[in-house]
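Here is how the chains run, residue by residue.
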Amino acid sequence: MTDSSVPPGGHRSGRGPRRRPDDQRRRSGPPRGRQGPDRPPSGDPAREAALDVLRAVRQDDAYANLVLPGLLRERRISGRDAALATELAYGACRAQGLLDTVLAACCDRPLADLDGVVLDVMRLGAQQLLRTRIPPHAAVGAAVELVRSRAGSRPTGFVNAVLRRVAERDEAAWVERLAPADELGRLALAHAHPRWIAEVFVRALGGDEELAAALAADDARPAVHLAARPGEISAEELAAITGGDPSPYSPYGVLLTEGGDPGELPPVREGLAVVQDEGSQLVALVAARAPVEGRDDRWLDLCAGPGGKAVMLGALGAIEGATLDAVDRAPHRSGLVAKATEGLPVRVHTGDAREVVLPEEAYDRVLVDAPCTGLGALRRRPEARWRREAADVEQLAELQRSLLRAGLERARPGGIVTYATCSPHPDETTAVVAAVAAETGAEVLDTVALLPEVPDTAAHDGPGVQLWPHRHGTDAMYAAVLRRV
């Protein structure tokens, strides 16, 4: 049986197989041509772009959702070609463990021994064969031509033979043949998740009744949400301008119903709206709604980059007569915050949240949106599920506890701290809140009551709100509110 947490071939994908010293060893056949965005035009720009994304993810540990938009702009790829490049690149990254399991069953050698470019091409081919409606002959033929253009003629016969074997079964039949015997393992492979993440979902959900739905929603292409800037434009106005629909829960959210680059929409370019998942909007609302005893005009966002929640808090603060200090330790991220919050009563600072010198001695409201595994946003970061490992959590949880303690230290007595992560992992959510509350004596408030418009939000095994893609259509954001005593 195959354990879907480690793709066959012996490597944890995301970084791909072990590369030969230069990954560019001599090949027979025509020259490969220039690499990168200045490559001469080809007859298959969508697959060329998708392949370059996979190469960047494998070779440079790049993020697909950051690489692809730049390639599309630089190569002036739009319309149907852009849509195809997006589906193939993100889809192959998201399903990499499943694709590698199938490819390994069809190969006569370990995947770790393959040239990286050849493996990337076969992943693209397998993605088309198993997870799109592209005809098999077209998918195989395009893969052969793609590997010929990049690696010469020698590997074309091998790629053709392997992909023809892949095409002998559909996705369901391959899962039936290759999945582990237990139901959790089968669901993990079927929905292209490492086994350990499926186990985390079961723990966070309090059982396996919703596991299939949770994994399926996490494996689906996510919708794009906008957040209207409070005080500048309403969600209804933003929906009318963009052709979207008002979000079901956030009073500022808009769900886009058409494709394209949301960054090019006029309201986004003009600073009237930002691209932000509805779950992140709801976390900002929790931070702004929590009841504060006494004065309420000094707000703090301790982990603010890249600035989406800072925009929401800054705009809401402006309406209430409050100012916001926003902190991020990375200069480029604090620069993004400054750009995003331009025109709002927001002061941006660069430094470690636990040490940075701030203009106020104590704050009325503090948001700690802590660094985390990102397991709640796997839909939007397609390669992330194959990069993270269960061992990452312990170190992150230690950082999260220290940041939450720092947030409480920055709050005045009677002030509130909202702790948030983009992860449903109990060790990053309820366990962090419970540990710090016990250590500091902070009062844990009823966070569920702060989102009465959103159903079924209570975290399973502790305080706070846990959102889910399959329940709420949002990223799996977590939030809990504590009051400093």
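Read on for a plain summary of the structure.

Cut-offs used in this document
Residues numbered from 1 in each chain as written. Predicted model: local features only at pLDDT ≥ 70, side-chain atom pairs only at ≥ 80, totals over all residues. Heavy atoms only, no water. Buried < 20%, exposed > 50% of the residue type's maximum accessible area, 1.4 Å probe, protein only. Helix = DSSP H or I, 4+ residues; strand = E, 2+ residues; numbered from the N terminus. Pairing = 2+ DSSP bridges. Right-handed = clockwise from strand over helix to strand, strands pointing away. Core = buried A, V, L, I, M, F, W, Y, C linked by side-chain atoms within 4.5 Å. Contact = heavy atoms within 4.5 Å. Axes fitted to C-alpha atoms, helices over the stretch in contact; angles between N-to-C directions. Left-handed = near helix turned anticlockwise from the far one by under 90°. Nonpolar A, V, L, I, M, F, W, Y, C, P; charged D, E, K, R; others polar.

### Things to note about the pairing of strand β6 (residues 323-328)
Thought 1: Along β6, 5 of the 6 residues are buried, which leaves the element largely enclosed by surrounding structure.
Thought 2: Note: strand β5 (residues 298-301) against β6, 4 bridges, orientation parallel. When the sheet's bridge partners are listed, D301 is paired in β6 with A326.
Thought 3: This β-α-β element, β5 to helix α15 (residues 308-320) to β6, shows right-handed connectivity.
Thought 4: Summarising the sheet, β6 and strand β7 (residues 346-350) pair through 5 bridges and their orientation is parallel. For D325, the partnering residue across the bridge sits in β7 and is R347.

### Looking at the sheet that holds strand β2 (residues 245-246)
Thought 1: The antiparallel open sheet is built from 4 strands, whose spatial order is β2-β3-β1-β4. For this open sheet the edge positions go to β2 and β4 (273-275), each flanked by a neighbour on one side alone.
Thought 2: One ladder, built from 3 bridges, connects strand β1 (residues 225-228) with β4; its direction is antiparallel. Paired with L226 across the two strands is V275, which belongs to β4.

### Description of the nonpolar core
Thought 1: Ranked by internal contacts, the top residues of the largest apolar core, which has 58 residues, are L103, M122, V159, L163 and V166.
Thought 2: In terms of residue count, the dominant contributor to this core is helix α5 (residues 116-131) (9 residues).
Thought 3: Among all residues touching M122, those that are not within four sequence positions of it are L103, C107, L114, F158, V159, V162 and L163.
Thought 4: Listed in part, the 41 residues of the second largest apolar core include V292, A310, C372 and L445.

### Concerning the packing of helix α1 (residues 45-60) against helix α6 (residues 136-151)
Thought 1: Orientation of α1 relative to α6, taken along the N-to-C sense of each, is 65°, at an axis distance of 11 Å. By crossing handedness, the relation of α1 to α6 is classed as right-handed. Here α1 contributes R47, E48, L51 and D52 to the contact with α6, which in turn contributes A142, L146, S149 and R150.
Thought 2: Here the residues of the contact of α1 with α6 sort into 3 nonpolar, 1 polar and 4 charged.

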